[in-house]
Amino acid sequence: MTRVLVSGATGTIGRPLVKQLKEAGADVRTVTRQLTDPVALAAALDGVGAVFLLWPFASAEGAREVLELIGSRRVVYLSSAAARPYEVEIERMVARTAREWTVLRPHAFAANALRWAEQVRTGVVRQPYGDAVLSPIHERDVAAVAVRALLGEGHHGAVHTLTGPRPLTQREQARAIGAAIGRPVRWEDEPPEEAKRRLLGLGWPGPAVDGMLRALAEPGPSTGTVEEVTGVPATGFETWASEHAADFLGTMRAARFHEYGDASVIRVDEVPVPRPGPGEVLIEVAATSFNPSEVGLRMGLLRDVFGGTLPRTLGWDVAGTVLTGAGGLAPGDRVIGRIDGAAAGYAVAKASTLARAPRRIPLTAAAAVPVAGLTAWQAVFEHARIGPGSRVLINGAGGGVGLFAVQLAKHAGAYVVATAGPRSAAAVRALGADEIVDYTAAPLPDGNDVLINLVADFPASVTELAEEFVSVTRPIDHPRAVRFVARDDPGQLADLVALVDQGVVDVETDVRTLESLADVHREAERGLVRGKITLTVAG
């Protein structure tokens with residue numbers, strides 16, 4: 001196993017380089033500030049066969065001593081396409097001291113666009129030379145070439161000029177960032193003289209400002225070196241922009257609680273946009289929905305189930321648009337799913353847990369489907385095993401789960417008896433219930449094959465009501481009773497979406513805003529919530 005020392009391991013190139021080296025089976029050591037500490041560097045070099053050198057200073061002073069300590073090892077030096085005098089001097093020293101050496105000269109880093117982040121959030125990027133043509137390179141591609149040079153053969157003496165796959169103007173880069181974050185971003189040319197004054201005012205050295213402006217004024221190269229070295233085409237800027245969408249979005253609104261208590265503990269905070277990890281997508285949330293169990297979560301009654309880490313973002317249903325793709329999902333895909341923390345402008349989720357959103361209904365309605373729909377699906381098909389000719393009593397049919405359960409039971413061919421109060425009766429009947437029982441005025445009817453219970457208040461004696469019992473709330477004291485907690489199942493969710501698109505299942509919601517969530521909790525505690533309430537949270 002090759003032992004590799006990486007300097008600048010926490011930087012833009014260092015982080016993906018360390019990751020890729022470990023994936024390639026290398027034993028990786030890292031240095032940051034210790035690079036110019038002779039004692040620390042000597043210790044870090046013990047047993048090392050190859051070194052990735054990122055020199056963090058704008059002069060070659062001290063580089064000779066470091067390279068003498070590195071000695072006769074394989075060295076890959078990260079220079080730049082600008083080939084500044086101090087960089088050229090270090091390149092020469094590397095060639096003199098290293099057993100094997102490779103120089104990387106990346107041209108324009110895609111990550112340089114992060115300097116525009118604040119302006120991107122305003123919708124206008126004002127910088128000089130909007131028509132300057134560059135071929136921005138993804139930091140991951142620079143790291144990939146470095147891995148080949150550190151671990152492979154055939155790179156001794158090579159000077160690799162690295163660029164992205166195709167040239168883009170800065171104006172086109174800004175447009176690509178806008179597409180990645182789902183917002184229009186316009187370019188506005190800043191006169192070079194004005195840009196120079198601004199940068200000098202920010203403390204940039206004069207020579208650095210002049211060099212940057214000169215470099216922008218001339219078109220940059222476009223090479224195929226990344227593909228030649230790695231066998232894989234270089235990553236396009238559009239992909240880089242999509243992967244870094246969270247960096248440009250900055251912050252978002254999120255409905256959270258910082259302590260357990262009544263509905264007054266819910267507040268809308270401004271928090272950082274989350275960053276997706278491996279296999280995750282970043283979703284621009286169109287809506288979430290309210291589920292009664294969130295009242296218990298807010299009160300601290302579900303700490304044993306969901307943990308007690310605070311603050312906590314509410315929302316278990318998500319409906320929105322993918323910004324950063326993964327796992328077969330691409331930017332622009334509309335998705336729904338069960339996640340944790342959907343009551344926010346953006347959310348991350350494992351791609352494997354999501355389903356494509358229904359096409360027949362808006363996302364603001366689709367947010368009602370995941371939790372309530374899956375609970376109803378599993379109650380009807382898995383636990384009650386309802387089929388043609390079954391007589392099913394759905395107790396609590398006017399709630400969010402009940403409205404799905406009525407429709408799914410009818411789809412299965414059952415005769416559906418539904419309990420509903422006066423405010424819900426018409427809606428339940430419209431969804432196909434064969435009989436409506438007003439639970440406020442009449443007892444539950446008996447003689448049913450199965451009873452699906454969706455309410456917390458349930459009679460102690462149930463023997464005559466049905467042959468079998470399924471409950472999603474409190475346990476039922478009966479030998480043929482099942483109580484269950486719904487699980488996430490993207491396959492079932494996709495099947496449910498298909499029924500929505502076929503018109504078999506209708507989804508009706510009361511649409512509110514994120515700011516109204518505390519009021520929704522108060523209504524739920526007073527028993528005033530009927531059906532599903534969704535909350536718009538985009539933006």
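Our structure's up above, just so we're on the same page.
Student: Please explain the pairing of strand E1 (residues 3-7) as it appears in this structure.
Tutor: Every other side chain in a regular strand lies on the same face of the sheet, so the side chains alternate between the two faces. Among the five residues of E1, four are classified as buried, and the element is accordingly described as predominantly covered. Alignment of E1 against strand E2 (residues 27-31), held across five bridges, turns out to be parallel. Within E2, the residue paired with serine 7 across the bridge is valine 31. Taken together, E1, helix H1 (residues 14-23) and E2 constitute a β-α-β crossover, and its handedness is right-handed. Across three bridges, the pairing between E1 and strand E3 (residues 50-53) is parallel. Each bridged residue has a counterpart across the sheet, and for valine 4 the counterpart in E3 is alanine 50.

Student: Where do I start with the sheet that holds strand E8 (residues 158-162) in this structure?
Tutor: By way of backbone hydrogen bonds, the strands of a sheet pair with one another, either parallel or antiparallel. Sheet architecture is open: six strands sit in the order E2-E1-E3-E4-E5-E8, paired in parallel fashion. Both edges of this open sheet fall to E2 and E8, since each of them pairs with a single strand only. If you compare each strand with its neighbour and ignore which way they point, the axes differ by 15 degrees on average. With five bridges connecting them, strand E4 (residues 74-78) and strand E5 (residues 100-106) associate as parallel partners.

Student: I'm lost on the sheet that holds strand E22 (residues 448-453) in this one. Help?
Tutor: Pairing is parallel across the open sheet formed by six strands, whose spatial order is E21-E20-E19-E22-E23-E24. Because the sheet does not close on itself, it has two edges, and the strands there are strand E21 (435-437) and strand E24 (481-483). Geometrically, the sheet is characterised by an average inter-axis angle of 20 degrees between neighbouring strands, direction not taken into account. As judged from the five bridges shared by E22 and strand E23 (residues 466-471), these two strands associate in the parallel manner. Paired with valine 450 across the bridge in E23 is glutamate 468.

Student: Could you clarify how one ought to interpret the pattern of salt bridges in this entry?
Tutor: Here the idea is simple: oppositely charged side chains can pair when their charged atoms come close. Under the definition given, this model contains 34 salt bridges. The salt bridge partner of arginine 360 is aspartate 506, with a shortest N-O separation of 3.1 Å. On the criterion of sequence distance, the pair formed by arginine 360 in the loop between strand E18 (354-356) and helix H15 (363-366) and aspartate 506 in the loop between helix H19 (490-501) and strand E25 (509-513) is long-range, its members being 146 residues apart. Since its relative accessible area comes to 39%, arginine 360 is described here as partly exposed. Look at aspartate 506 and you get partly exposed, because its relative accessible area is 36%. Salt bridges sharing common partners tie together Arg74, Arg99, Glu100 and Glu153.

Student: Where do I start with the environment of glycine 296 in this structure?
Tutor: Inspection of the secondary structure assignment puts glycine 296 in helix H13 (residues 293-299). Separated by 35 residues in the primary sequence, glycine 296 and glycine 261 place their C-alpha atoms 9.7 Å from one another.

The rules behind the values
- Residues numbered from 1 in each chain as written.
- Predicted model: local features only at pLDDT ≥ 70, side-chain atom pairs only at ≥ 80, totals over all residues.
- Heavy atoms only, no water.
- Buried < 20%, exposed > 50% of the residue type's maximum accessible area, 1.4 Å probe, protein only.
- Helix = DSSP H or I, 4+ residues; strand = E, 2+ residues; numbered from the N terminus.
- Pairing = 2+ DSSP bridges.
- Right-handed = clockwise from strand over helix to strand, strands pointing away.
- Axes fitted to C-alpha atoms, helices over the stretch in contact; angles between N-to-C directions.
- Salt bridge = Lys/Arg side-chain N within 4 Å of Asp/Glu carboxyl O.

Coordinates in, geometry out; function isn't part of it.
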